[in-house]
Structures are given as C-alpha cells and as structure tokens.
Amino acid sequence: MTITVAGEKKEVKDGLTLPELIVNEKVETPEYVTVSINEEFIQRADIETTVLKEGDSVEFLYFMGGGC
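Keep in mind it's a predicted model, so treat the numbers as computed, not measured.

Asker: I'd love a proper account of the side chain of Thr50, names of residues and values included.
Answerer: The topology assignment puts Thr50 in the loop between β4 (40-41) and β5 (57-61). Polar side-chain contacts of Thr50 include one of 2.6 Å to the backbone oxygen of Asp46. Once residues within four sequence positions are removed from consideration, Thr50 is found in contact with Leu16, Thr17, Leu18, Pro19, Ile37 and Ile42.

Structure (structure tokens):
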C-alpha cells in the first residue's frame, strides 16, 4: 500500500502499525515525538494499536524549547 511520510510517498506492507513505521523510519527519541495521521494528532495511548491504511499521510512532530 502507499502512504505519505513527511511529504514523501512510500510503499509499505499492508497492515503496517504505527510502532513499526516509527522503527522503519528510524525516528529519533520516539518517546518525545508527536504523530499526526491525516492532520489528526494520535494520542500516546493509541500509538501501539494504530494500524495505517492506504493513502494515510503521517507526520512526525518534535516540539522544541529554547531561547535565552
């Protein structure tokens, strides 16, 4: 099936779970990443059970602090 990850179309296996995608994409510090699928944020409690579907658009978002 085809999904879009960070604006790039990718072919992935049917039934791919969000945790599998996080590993496949080598997401740094996954415990601090926020995930949106089709512009809807995924609750942390739902990440483990989320299965991706054909045409999904996935974004990994990191909230950064900083300044002085």
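Now that the structure has been shown, the text picks up again.
Asker: Tell me what's going on with the nonpolar core, and back it up with residues and numbers.
Answerer: Ranked by size, the top nonpolar core spans 17 residues in total, and within it Leu18, Leu21, Val35, Leu52 and Phe60 carry the most contacts. Those elements that provide at least two residues to this core are β1 (2-5), α1 (18-24), β3 (34-37) and β5. Leave out the neighbours within four places in its chain, and Leu21 touches Ile3, Val5, Leu16, Leu52, Val58 and Phe60.

Asker: Report on unusual backbone geometry, specifying residues and quantitative values.
Answerer: A positive phi angle, close to 50°, is found at Ala6, a residue other than glycine. Its place among the elements puts Ala6 in the loop between β1 and β2 (8-11).

Parameters at a glance
- Residues numbered from 1 in each chain as written.
- Predicted model: local features only at pLDDT ≥ 70, side-chain atom pairs only at ≥ 80, totals over all residues.
- Heavy atoms only, no water.
- Helix = DSSP H or I, 4+ residues; strand = E, 2+ residues; numbered from the N terminus.
- Polar contact = N/O pair within 3.5 Å; in protein donor to acceptor, adjacent residues only side chain to side chain.
- Contact = heavy atoms within 4.5 Å.
- Core = buried A, V, L, I, M, F, W, Y, C linked by side-chain atoms within 4.5 Å.
- Buried < 20%, exposed > 50% of the residue type's maximum accessible area, 1.4 Å probe, protein only.

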